[in-house]
Amino acid sequence: MNRGFVLLAIVVVTTALVPPVVYAQAPANMSPYTPPKLANGQPDISGIWQVLNTAAWDLQDHGAGLGVPAGRGVVVDNEIPYRPEALAKKRENEAKRATLDPEAKCYLSGVPRITFMPFPFQIVQQADKVNILYEYNHTIRQIYMNGNPHPAGHIDWWMGDSRGRWEGDTLVVDVTNHNDKTWFDMSGNFHSEALKVTERYSLADADTMRYEATITDPKVFTRPWKMSMPIYRVKDADRIYEYQCVAESEEADGTFHREPKTWYPK
C-alpha cells in the first residue's frame, strides 16, 4: 500500500475526533517564527513536505462516500462562489467524476491541486528559481524568481506558468496560463482557462508550512476565494519515490480496464 495513503488514513480518523487546526496570531510578547536563511539570504523552505487532509477528494466539508473519506474543508468560510451556470456544470462533473475527472486519466493535476494530492513533494531552491518535485506523476514544476513577467498572450499549460517573489519570509507565486482541463478536486470543482492562482508559502515553525491559494476566475466564480491549509515536513524520508499512475479506460463494449500510464504534455 502506498505510504501516502496510509498516512492519510490515519489523519482522516484523527481529524474526525479533534477540532480543525487554526493558526493563531503570535502573542504580543512572542516574536513570529524566523526561518533559517540560505547563503543568498532567501528563507530556507527546502525539504520534503506533504499535506495531510482530504482536500484532494473535496475542498469543502464533506461526509464519507464511495471512495471518498470524510473530512473538513480547506476553503475559507467553506463557500465556493460559483456562477449559477457554472454550479450546474460542477454538479454534472461530480455525478460523472469516475470518468470525467482528469486525474482518473493520469493527466497532470494542475495548480493548486497538485499541492494537496496525498503524496509528498520536494522543494529545491536555486538563486533564480524554486523547483518543486512532486512524487505524483513525476511532475516537475519551476517557479521563476528572476523578475521576468509571464509570457505574452495566453498559453494553455497543464501546470500553468509560475512567477515568484519574496515578501519578507513568504514566498508569493502568481500562476497563470492554465488550460481548462484540470479540476481542483475529485468532486468536480473546476475552472476555466482564465484561472489565476496566487499562492503563499510561509513557515509557521521548522516543520510546518502555511499554504494559501487565492483563486480568481471571473468566467466561473462571482468573486475571488481562498483555500488555506498546513503542510508538514516529512522527516522519515530523504527523497521522494517513483509513482506510476494507473488509468482506467472504457472499451467499446462498455467495460473498463486499468492500464499503466504516465502522461507528459507535448
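The preceding data block contains the structure.
Residues numbered from 1 in each chain as written. Predicted model: local features only at pLDDT ≥ 70, side-chain atom pairs only at ≥ 80, totals over all residues. Heavy atoms only, no water.

### With respect to the pairing of strand β4 (residues 140-144)
Point 1. Of the two faces of β4, only one is covered, namely that formed by R141 and I143; the face formed by I140, Q142 and Y144 stays uncovered.
Point 2. As judged from the five bridges shared by strand β3 (residues 129-134) and β4, these two strands associate in the antiparallel manner. Residue pairing across strands places V130 opposite I143, the latter belonging to β4.
Point 3. Between the antiparallel neighbours β3 and β4 lie five residues, among them N137 with a positive phi of about 60°.
Point 4. The pairing of β4 with strand β5 (residues 161-167) spans two bridges and is parallel. By the bridge assignment, I143 is partnered in β5 with S162. (Buried < 20%, exposed > 50% of the residue type's maximum accessible area, 1.4 Å probe, protein only. Helix = DSSP H or I, 4+ residues; strand = E, 2+ residues; numbered from the N terminus. Pairing = 2+ DSSP bridges.)

### Concerning the nonpolar core
Point 1. Judged by nonpolar contacts, the single largest core of 53 residues is most densely connected at L59, W225 and M227.
Point 2. Once residues within four sequence positions are removed from consideration, W225 is found in contact with L59, V75, E79, I80, P81, F184, A213, T214 and I215. (Core = buried A, V, L, I, M, F, W, Y, C linked by side-chain atoms within 4.5 Å. Contact = heavy atoms within 4.5 Å.)

### A word on helix α2 (residues 84-95)
Point 1. In a regular helix each residue adds 1.5 Å, so twelve residues correspond to 16 Å; α2 covers 17 Å between its end C-alpha atoms and thus fits that length.
Point 2. Along α2, the positions that sit buried rather than exposed are A86, K90 and N93. Buried residues of α2, seen end-on, are gathered within an arc of 60° and therefore sit on one face of the element. In α2, those exposed residues whose orientation departs by more than 90 degrees from the buried face are P84, E85, R91 and A95.
Point 3. Structurally, α2 contributes buried residues whose contacts are with α3 (97-100). (Expected span 1.5 Å × (residues − 1). Arc of directions from axis to C-beta.)

### A short note on the side chain of Q125
Point 1. Inspection of the secondary structure puts Q125 in strand β2 (residues 121-125).
Point 2. Overall, the relative accessible area of 14% leaves Q125 in the buried class.
Point 3. Of the polar contacts made by the side chain of Q125, one reaches the backbone oxygen of P43; its length is 3.0 Å.
Point 4. Of the polar contacts made by the side chain of Q125, one reaches the backbone nitrogen of I45; its length is 2.7 Å. (Polar contact = N/O pair within 3.5 Å; in protein donor to acceptor, adjacent residues only side chain to side chain.)

### What about the sheet that holds strand β7 (residues 196-205)?
Point 1. Read around the closed barrel, nine strands run β1-β2-β3-β4-β5-β6-β7-β8-β9, paired in mixed fashion. On average, each strand axis in the sheet is inclined to that of its neighbour by 30°, with strand direction left out of account. (Axes fitted to C-alpha atoms, helices over the stretch in contact; angles between N-to-C directions.)

### Observations concerning the environment of Q60
Point 1. When you line up the elements, Q60 lands in the loop between β1 (47-50) and α2.
Point 2. Sequence separation of Q60 and D77 is 17 residues, and the distance between their C-alpha atoms is 9.3 Å.
Point 3. Leaving out residues up to four positions away in the same chain, Q60 has contacts with G71, G73, V75, N78, E79, I80 and N189.

### Structural notes on the environment of V111
Point 1. Along the polypeptide, V111 turns up in the loop between α3 and β2.
Point 2. Ignoring anything within four residues of it in the chain, the contact list for V111 reads R141, M159, V175, H178, L195, V197 and E199.

### Regarding the pairing of β2
Point 1. Judged by which residues are buried, β2 turns out to be one-sided: F121, I123 and Q125 face inward and are buried, whereas Q122 and V124, on the alternate face, are not.
Point 2. Two strands pair when backbone bridges link them, and β1 and β2 are joined in this way by three bridges, in the antiparallel orientation. The residue of β2 that forms the bridge with W49 is F121.
Point 3. Counting the residues in the hairpin turn of β2 and β3 gives three residues.

### Re the state of the cysteines
Point 1. The final tally for this structure, using the stated rule, is one disulfide.
Point 2. Here C106 connects covalently by a disulfide to C245, the sulfurs 2.0 Å from one another. Given an S-S torsion of about -85°, the disulfide between C106 and C245 has left-handed geometry. Within this pair, whereas C106 is found in the loop between α3 and β2, its partner C245 is found in the loop between β9 (225-233) and β10 (246-250), the two being separated by 139 residues in sequence.
Point 3. The class of C106 is buried, set by a relative accessible area of 0%.
Point 4. Under the relative-accessibility criterion, C245 is labelled buried at 2%. (Disulfide = S-S within 2.5 Å.)

Everything listed here is a matter of coordinates, which is why it stays silent on function.
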